Amino acid sequence: MSTVKSQIPQRIPLPRGQLLIDGRWRDAADGETRPTLDPTTEAPVTEVAQATAQDVNDAVAAARRAFEEGPWSRFHHEQRAKILFRVADLLDERAEEFALREAMDMGMPYRDFIDIIMPHCSGLFRFFGGLAMNAMDGGYRGSYEANLRILTRREPLGVVAAITPFNFPLALTCSKIAPALAAGNTVIHKPASDTPLSALALAQVMLDAGAPKGVYNLITGSGGVVGDLLVKHPEVDKIAFTGSTGVGQTIVRLGADTLKHTTMELGGKSPNIVFADANLEAAIQAAFWGIFWNKGEVCVAGSRLLVERPIYAEVVERLAAMAASATVGDPLDPNTMIGPIASRAEYEKVLGYIEVGQRSSARLVAGGGTRRLDGKGLFIEPTVFADASNDLKIAREEIFGPVLPVIAFDTEEDALRIANDTPYGLAAGIQTGDLGRALRLADRIKAGTVWLNTWHKYHPNAPFGGYKMSGFGREQGAEALQSYSQYKTVWANVG
Ligand code: NAP
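Residues numbered from 1 in each chain as written. Predicted model: local features only at pLDDT ≥ 70, side-chain atom pairs only at ≥ 80, totals over all residues. Heavy atoms only, no water.

A. A look at the side chain of T336. Its place among the elements puts T336 in the loop between α10 (309-325) and α11 (344-358). According to the relative accessible area criterion, T336 is buried, its value standing at 3%. A polar atom in the side chain of T336 sits 2.7 Å from the backbone oxygen of D330. Beyond its immediate chain neighbours, meaning those up to four positions away, T336 contacts P109, R111, T327, G329, D330 and P331. (Helix = DSSP H or I, 4+ residues; strand = E, 2+ residues; numbered from the N terminus. Buried < 20%, exposed > 50% of the residue type's maximum accessible area, 1.4 Å probe, protein only. Polar contact = N/O pair within 3.5 Å; in protein donor to acceptor, adjacent residues only side chain to side chain. Contact = heavy atoms within 4.5 Å.)

B. View of the packing of helix α13 (residues 412-420) against helix α14 (residues 435-444). Viewed as axis vectors pointing N to C, α13 and α14 meet at an angle of 35°, and their least axial separation amounts to 11 Å. Considering how the two elements wind past one another, α13 and α14 form a crossing that is right-handed. Across the interface between the two elements, E412, E413, L416 and N420 of α13 pack against R437, R440, L441 and R444 of α14. Residues of the contact of α13 with α14, tallied by class, amount to 2 nonpolar, 1 polar and 5 charged. (Axes fitted to C-alpha atoms, helices over the stretch in contact; angles between N-to-C directions. Left-handed = near helix turned anticlockwise from the far one by under 90°. Nonpolar A, V, L, I, M, F, W, Y, C, P; charged D, E, K, R; others polar.)

C. Representation of the site of the ligand. T164, S193, S244, L266 and E398 are the nearest of the 29 residues found near the ligand. Between an oxygen atom of the ligand and a main-chain N or O atom of T164, the distance comes to 2.7 Å. For the ligand, an oxygen atom lies 2.8 Å from a polar atom in the backbone of G223. Alone, the ligand offers 910 Å² of accessible surface; in the complex the protein occludes 86% of this. Secondary-structure elements contributing two or more residues to the shell around the ligand are α7 (223-232), β10 (238-242) and α8 (245-255). Tallying contributions element by element places α7 first for the shell around the ligand, with 3 residues. Residue classes in the shell around the ligand are distributed as 14 nonpolar, 11 polar and 4 charged. (Near = heavy atom within 4 Å. Areas by Shrake-Rupley, 256 points an atom, 1.4 Å probe, with all protein chains shown as cover.)

Put into structure tokens, the structure is as follows:
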């Protein structure tokens, strides 16, 4: 049931964003700030502190001190869990505030945030709070000599820096910090420069939930300065990164000098395969929302649609009609399906790809243009290119916007070959009435997530991550908790 109120929420002015270091809000050492813009109105929402090297060093020192001196890292899991459960409750209580911030920051539809995103975020804290209570315990590995005992402990890594992208700012932060904190690490969060607003509210939630000082720190500022310093800092033990493949590669390279633990959640160009025996209505819905949810600014967007030849013309026609009639507009309006692109730079980039598509052999069958609301806004129409081939630039590169190339195929092998013909391996989908075929292809597709007769399903207990150039490591599930902890083996001579 939707909890959205019938009236449209109002934009409100927000206070200046500061840094949270060692339990205290403060401005950047040199007072520098950067405006963050609302992509619907193109007006500044507020100013946000831009951390200096001094601020980064202070945040790392605070996180290190909090880790070494406790009490967080030495708490029994149950004590940490209590705070994580409180975080979950506060997130739910403040869902409307967060929804407003993400709508004003990145154009995420308010309704989707309340209905889908926030339950997932609070669920992550409940899941990892609960999981840590049993999964973090070590074990007794036996007594192989009379006087010897082998014991294992699982310990946190230390200081974790979470570096997050502009899309799904809250969800992608929670999927890192919930397991990191549950395992007993301390955290420094660096959000994307274009979308820092929910990170500011989340840091306040951490304080209000009772996280001891230094356990959670927020550093806003540019990736090239703040991100780079965190990646190279010898006192940072792990970089949990979500973002583009190019920046991920840089981080792995730069982190090598201090042998950082890393998890890399990177880009994608995910194939969605529709067979002629699929439930067509459901398959078209999955194809539409697979690419156009959150205006295509989704790493696992179904951004290549592969359709079996006998139903190709019908699928293209129906998708084009849906795209043409989709409601593009203010993300605060509950009727909006497609909000604005998050930033001017992304807007220009996506329009550039549409131009490339128009000059290619593909055929534009829907969208391709922009919209304005009261003369403003970074709106791009949901765009469909039919008759695309997998070698076109629009089918090979991650556009990260509402643009869908549709490719015809003839056989199952053909579909599989095209699906796997990409450097990426984040997600894939198969829409078919033949369960045997669905499972057969799920085995052979090289992607970290495969959706059969559905798309965009997530759960805190479902591991999530990439194959190939889409990265390594897993978020969510017990696997995520593993990646924020390390084993210690204790040999005890009890003779
Ligand atoms: P991005 O440009 O790679 O930036 C991601 C984060 O890295 C931002 O906080 C950015 O800071 C920071 N950064 C930039 N340069 C850095 C450097 N040299 N050292 C350390 N940090 C640096 O990605 P984006 O454009 O925000 O996000 C879109 C990309 O993320 C897409 O490729 C998408 O597929 C991917 N993504 C992947 C997943 C997944 O789970 N696999 C989920 C969502 C998004 P600034 O903002 O200050 O530049």
